[in-house]
Amino acid sequence: MENDKNSQKIVDYIQNFARKHSIFVLAYGTGCGAIEIPATMTSRYDAERFGIRGAATPRQADVLLITGYLSTKTLKRVIRVYEQMQEPKYVMGFGSCTINGGMYYDSYNTINGLDQYLPVDVYINGCMPRPEAVISGFVKLQELIQQGKAENGKKYRENLEHYRTNQKKIIKNWRMPDYNW
Amino acid sequence: MIREKETTLYLGPQHPGITGNMMVKLKVQGDTIVKAATHVGYLHRAFEKLIERRNWIQAFTLLCRFCVPEPDPMELTYARAVEELDNREVPERAQYIRVIVMELARMQSFMLWYAGQAGSAGLYTLGQWSVGDRNYLLDLFEDLTGGRIYHMYIWPGGVRRDIPEGWKDKVLRTMDYIEKRLFDYNQIMFDNTIFQKRAQGVGIIPKDKAIEWGVVGPPLRGTGIKSDVRIDEPYEVYDKLNFEVPTFEGGDIWARALVRKEEIKQSISIIRQAIDQMPEGEYYNKVPNPMKWTVPAGQAWAKTESVRGEVGFYVVSNGTNKPYRVHVKGAAYTHGVTVLEKILPGQNIADVSFIMNSLGVCPPEIER
Amino acid sequence: MNELINENNLLKKVATAYNIKGNVIRDRRVEVFANKELVSSILLYAKLQLGYVHLAHITCIDWIEEGDFELVYTIWSPVERIHLFVKTRINRVNPEMENIDGIWDQANTYEREMREMFGIQFPGLIGEHEFILEDWDQIPPMLKEFDTHKYASETFFTRPGREDAQDVRETLSKRSGTDVPDFAKKYSRET
């Protein structure tokens, strides 16, 4: 049974309201930016009043927080973790290394821009971002969820070929499960 | 007769209990570990190759990010190695300021250690208190240097700018506040039967093999051997300050936690003495045109006492304005790979995270 | 001088036992130069007879013009508190060095890293080949002939800069209407 347009709007509003006030962040510190995450989650800059808390496994998480640079070895594990998360799922790029490579732009082991390999919703710039900047990034993500524009899980599924070609260019030994759920 | 067969478990990069982004591959029989292997490389940025492309002063932007929870000892050791090559004197006021910055860095790193060590035993309250109070120390850093975590404040020849007005009083007030709070932290952690039963007798490093295995820092002082770079090879003004180096017998997690508990109190006392004794004067022995500064050819080895142990820099110069080779030794290089693989067999799976936190394993230091 | 008595004694003992050269750099730093065949014997002698039980560091330096690698072994004694550097040179093409895994266990980690980063072979070294890098198919990356900037710009995507990216000094002086101040003109890479 399909809803008509007005009641679909109400259903969407309630659904997005519930989603934006309970964001579970995966416990994975991928780079040097992970040092400001304990400070954001504890008493002074309390992120839990927004509904943000940590989750232990990818199947229980909503947001993958890429804190800083990614080496090619970590990128392989991050892709596998990202594909295990259930939709709707969001990716936040943290720090200037996800935007254009940052200070490791000439290193042979770090990638220079996260956008080519995973779809990103919100970038937070800084090196590293203060806890206030992190919380403002989460607030922007909440606005995107409320407006219904945070659909990057679907975008990844539809443009899988494009992302796979980019990923296989730098990950040479490709032995990963297919993405078919 | 062994009834259970061996399984391989990957305590992998994404795990809430592991300190940082590394993997420990365990072979287990039931719940007991039979063999352990450390796999690193998830955080490799090729620092030593990148430093060869920057000049002597630009390398400071890269150096802070070697070991993320404690960036200041790296800057100080590099600055000391370059001063030894260049034969550059440091004024006395700058030396006192450097000592205060190092001890503040030690304290804020121990506050983060409280959260990790107690959190892996299940005592989550302590993490909320100590990381919340750590922000007061980071406020002090922000007044002095402009940044919370990465400072780039200690340069070869002194420090970058003088201390602002009113900073000394603020430091003394923060020390008084933290000294009162330490009583609460220690009561939760050390008077707690859960922590005592989990920590005593677990993860033992034998005393007669400790120095051979390359153990340094608080784990070495937890086996009963008194060894600290600040008294073995005093640098800056540590020989004028009055402090003790605590040692405890046992070699297990309990002894190492007691060592760190006493060291915070010693740091508070050092900071108070240094503020008292600090003279007026210059704070920087100026380098002429830092972008084109050349250092005479030679090789130097400098070491300091960081939070986890001894940190050493081997710096090679060939007379140009870029370093020829910089090789870093962090304390976690031996603790995280050799020592961990030797003391894990025989322990339970649940104790792996506990042991790693007490040894102070920090993966960015292992693979730079 | 009083402090250098221990250092001179140490240098005399090691230099006369092996007939090699060395010098005292400053207080608490002594270096000796040896051929690569004598290195493990000197380290074992220092560890067992002289009390130098702590292996601090093993470094490898790539001297590309002279055509060899320089290996530096740093050891330390907790009683005398002196660092002894044992320095040796090995050939840069097909480099090979003895494995000192039996003397100190942590040398295993250092040697695995040098095998991966510089290509030095240690016969008898047991350990997985991949320590830090994964699926690496170029030359060992710490050699001086490997150009990391070129490799990074070819392999990874580079985001182009903004079209209106200007020099910071000119933008600020235009915005505020004043000239570029003197202190901003001096410390520049061109002048």
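Above this note sits the structure.
Summary of the structure given here. (Residues numbered from 1 in each chain as written. Chains lettered and ligands numbered in written order. Predicted model: local features only at pLDDT ≥ 70, side-chain atom pairs only at ≥ 80, totals over all residues. Heavy atoms only, no water.)

Tallying each qualifying case throughout the model produces 49 salt bridges over all chains. R148 of chain B serves as the salt-bridge partner of E36 of chain A, at 3.2 Å between the closest nitrogen and oxygen. Highlighted residues: E36 of chain A in the loop between β1 (23-26) and α2 (37-41) and R148 of chain B in the loop between α5 (124-145) and β4 (154-155), drawn from two different chains. Given the relative accessible area of 2%, E36 of chain A is considered buried. According to the relative accessible area criterion, R148 of chain B is buried, its value standing at 6%. Between E92 of chain B and K240 of chain B there is a salt bridge, with its nearest N and O atoms 3.0 Å apart. Here K240 of chain B lies in the loop between α10 (229-232) and α11 (253-277) and E92 of chain B lies in helix α4 (residues 92-119), a separation of 148 residues in the sequence. Overall, the relative accessible area of 38% leaves E92 of chain B in the partly exposed class. Assessed through its relative accessible area of 46%, K240 of chain B is described here as partly exposed. What you see here is one network of salt bridges that share partners, running through E103, R106, R221, D228, R230, E263 and E305 of chain B. (Salt bridge = Lys/Arg side-chain N within 4 Å of Asp/Glu carboxyl O. Helix = DSSP H or I, 4+ residues; strand = E, 2+ residues; numbered from the N terminus. Buried < 20%, exposed > 50% of the residue type's maximum accessible area, 1.4 Å probe, protein only.)

Another aspect to go through is the interface of chain B and chain C. Across the contact, 42 residues belong to chain B and 48 residues belong to chain C. Here chain B and chain C share an interface that buries about 4,000 Å² over both sides, 53% of which is from carbon and sulfur atoms. For the interface between chain B and chain C, the tally reads 7 salt bridges. The partner of K144 of chain C in a salt bridge is E52 of chain B, and the shortest N-O contact between them spans 3.1 Å. Taken together, chain B and chain C are joined by 21 residue pairs in polar contact (both at pLDDT 80 or more). When residues of the side of chain B that touches chain C are traced back to their parent elements, those giving at least two are α1 (47-51), α8 (210-213), α10, β6 (298-305), β7 (310-317), β8 (325-329) and α12 (332-343) of chain B. For the side of chain B that touches chain C, the leading source of residues is α12 of chain B, giving 5 residues. Split into classes, the residues belonging to the side of chain B that touches chain C amount to 15 nonpolar, 11 polar and 16 charged. (Contact = heavy atoms within 4.5 Å. Buried area = accessible area lost by both parts, 1.4 Å probe. Polar contact = N/O pair within 3.5 Å; in protein donor to acceptor, adjacent residues only side chain to side chain. Nonpolar A, V, L, I, M, F, W, Y, C, P; charged D, E, K, R; others polar.)

Quick look at helix α1 (residues 5-18) of chain C now. All names here are of chain C. In this model, α1 (14 residues) spans 20 Å end to end at C-alpha, consistent with the 20 Å of a helix rising 1.5 Å per residue. Taken residue by residue, α1 has E7, L10, L11, V14, A15 and Y18 as its buried positions. Buried positions in α1, seen along its axis, are confined to an arc of 115° and lie on one side of it. Across from the buried face of α1, at angles greater than 90 degrees, the exposed residues are K12 and T16. At its buried positions, α1 is contacted by β1 (21-26), β2 (29-33), α2 (39-48) and β5 (83-91). N19 sits one or two residues past α1 and shows a positive phi near 60°. (Expected span 1.5 Å × (residues − 1). Arc of directions from axis to C-beta.)

Right, let's get into the environment of N109 of chain A. Tracing the chain through its elements places N109 of chain A in the loop between α4 (97-100) and β5 (122-124). Put simply, N109 of chain A and I23 of chain A are 86 residues apart on the chain and 31 Å apart in space, counted from C-alpha to C-alpha. Among the polar contacts listed, one links the side chain of N109 of chain A to the backbone oxygen of H44 of chain B, at a separation of 2.9 Å.

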